[in-house]
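# Observations on the three-dimensional arrangement
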Amino acid sequence: MRGRGAQAVERRSRSDVDVEVPPRRAAATVASGAWLLRGNDDRLAVYALVEGGVHRWTETVVGSGRWSGPDFFSVDGLTDLTVVQGANRYVHFIGRREKRQSGGVPKVDVVYAVQYQSGRTLGEWRSLGNPFRDQRDAVALGVPTAAVDGQGTVHIFVSGGAGGVMLRRESKSGAWEAWKDLRGGEVAGGLAASATSAGFVELLAPGRRSVMRWVQMEQAGELRRAQDLMPAPAPGSAALLEAVPGVFTAYWTEQTGTGVYAQRPGEWAFPMGGAPGAGPHAMLRAIVDGYDCTVLAHQGRTGTAVFGLCGAGAEASGMWWTDTGVTCTGAPALALDGRGRVVMATVASDRTVLVSRQCREPGLVLSDWDRLPGC
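Throughout what follows, the structure given in this document is the object of discussion.

Conventions we followed
- Residues numbered from 1 in each chain as written.
- Predicted model: local features only at pLDDT ≥ 70, side-chain atom pairs only at ≥ 80, totals over all residues.
- Heavy atoms only, no water.
- Helix = DSSP H or I, 4+ residues; strand = E, 2+ residues; numbered from the N terminus.
- Polar contact = N/O pair within 3.5 Å; in protein donor to acceptor, adjacent residues only side chain to side chain.
- Pairing = 2+ DSSP bridges.
- Axes fitted to C-alpha atoms, helices over the stretch in contact; angles between N-to-C directions.
- Phe/Tyr/Trp six-rings, centres within 6.5 Å; stacked < 30°, edge-to-face > 60°.
- Buried < 20%, exposed > 50% of the residue type's maximum accessible area, 1.4 Å probe, protein only.
- Core = buried A, V, L, I, M, F, W, Y, C linked by side-chain atoms within 4.5 Å.
- Contact = heavy atoms within 4.5 Å.
- Disulfide = S-S within 2.5 Å.

Following the sequence through the fold, Ser237 ends up in the loop between strand 17 (223–229) and strand 18 (239–244). Here the side chain of Ser237 touches Ala234 through a polar contact of 2.7 Å, landing on its backbone oxygen. Of note is the side chain of Ser237, whose polar atom sits 3.1 Å from the backbone nitrogen of Thr253.

Shown next as structure tokens:
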């Protein structure tokens, strides 16, 4: 199962793809969440935050490695973007928007749009407001995160202001409910949310000494506070994966620099090694050499994209880490393509977007890197 390393970087544009490239914009910035996703027709798409909006690249044919785009979707003032997907593979875009007003005080709100089909346009961006009325609290609004439950209901979470976590979600009729205070203590890092294969949402909110946790116990039910996880992770590093059916494993970077840790509810945290840098971990489950495996990726301590591999649910047995050697900006993204191969995307140090795909070799070996069109 051991990953044997990526080959040398090859930065090239696909000259054999006829694409219409829009006017060049500021270089790409990594979005939060799963910004490399497989659509409802099994084609992959890459989403990146750029000046004035969002860029999207879409595979021209399932698993082909050929890409169209970038398509540009305008939304002014977007400072952060989170991309999530539900079981129906609709792609949901949640952004933190900041607009300057007279007097120099910015107006901050959460904006939302949805893409229903691969390669099609996004729906209209709409404002979901700001849960904090006090101007200082409103400006301190954190980066939103989101998850989609088994009923297709989008749950959006934000922190900021005086502390705690705020939730806004769709109602059964499709309208948006009012912001709800989930309470909790001060949040000291980025939120992480996901839904199990059964459709139950779970939320992690790292604090100063522990990780606050909320879980959904029934379909369309309320999120309830559960037992905290210990110890607290490095800010912004927590992530969730259903490595064991029906149970989330939390992964994070340990604060004192001893590497990646994993923990399931009711169990002790166990070390997985590695030398992660700042930021979250991308993760997925994949079949490698006939084994059900967990794959993690992050920006390493030296600034390069690193991935690791272990048996699913068997993190305590050890994880094999491989450094790609490619310097990246922010966290890489992972996905399975329509042929079941692991694909990694990263924003390079020059802010171009690179994509690499699993080779037909034993272990987890990645191909040379392709630069996406228009970068």
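So, about the sheet that holds strand 25 (residues 320–327). The strand order across the open sheet formed by 4 strands is 22-23-24-25, and the pairing between neighbours is antiparallel. A single partner strand is all that each edge strand has here, and the edge strands are strand 22 (282–288) and strand 25. On average, each strand axis in the sheet is tilted by 25° relative to the strand beside it, whichever way the strands run. Of the strand pairs in this sheet, strand 23 (residues 291–299) and strand 24 (residues 304–311) are connected by 7 bridges, and their pairing is antiparallel. In the sheet register, Gln299 faces strand 24, and the bridge partner there is Ala305.

As a further point, take the packing of aromatic side chains. Enumeration according to the criterion identifies 4 aromatic pairs in this entry. Summarising the aromatic geometry, the rings of Tyr47 and Phe93 are spaced 5.2 Å apart at their centres and angled 75° between planes, so their arrangement reads as edge-to-face. Of this pair, Tyr47 sits in strand 3 (residues 44–50) while Phe93 sits in strand 7 (residues 91–100), and the two are 46 residues apart along the sequence. Grouping residues by exposure puts Tyr47 and Phe93 together as buried.

This part takes up the nonpolar core. In this structure, Val46, Leu81 and Trp125 are the most contacted members of the largest nonpolar core, which totals 33 residues. Considering every element that reaches this core, the biggest residue donor is strand 3, with 6 residues. Residues within four places of Leu81 in sequence aside, it is in contact with Ala31, Ser32, Leu49, Val54, Phe93, Ile94, Gly95 and Trp125. Residues Ala282, Ala286, Leu309 and Val326 belong to the second largest nonpolar core, which totals 20 residues.

Tallied over the full model, the rule gives 0 disulfides. Distance from the sulfur of Cys310, which forms no disulfide, to the nearest cysteine sulfur (Cys293) is 7.4 Å. Accessibility expressed as a relative area gives 0% for Cys310, which makes it buried.

This part covers unusual backbone geometry. With an omega of 10°, the peptide bond between Gly69 and Pro70 qualifies as cis. Along the chain, Pro70 turns up in strand 5 (residues 67–74). Of the consecutive residues Met230 and Pro231, the connecting peptide bond is found in the cis state with omega at -5°. Mapping Pro231 onto the fold places it in the loop between strand 17 and strand 18. Not every positive phi belongs to a glycine, and Arg183 is a case in point at roughly 65°. Here Arg183 is to be found in strand 13 (residues 180–183). By relative accessible area, which is 60% here, Arg183 ends up exposed. Although it is not a glycine, Asp289 sits at a positive phi angle of roughly 55°. With respect to the helices, strands and loops of the structure, Asp289 is situated in the loop between strand 22 and strand 23.

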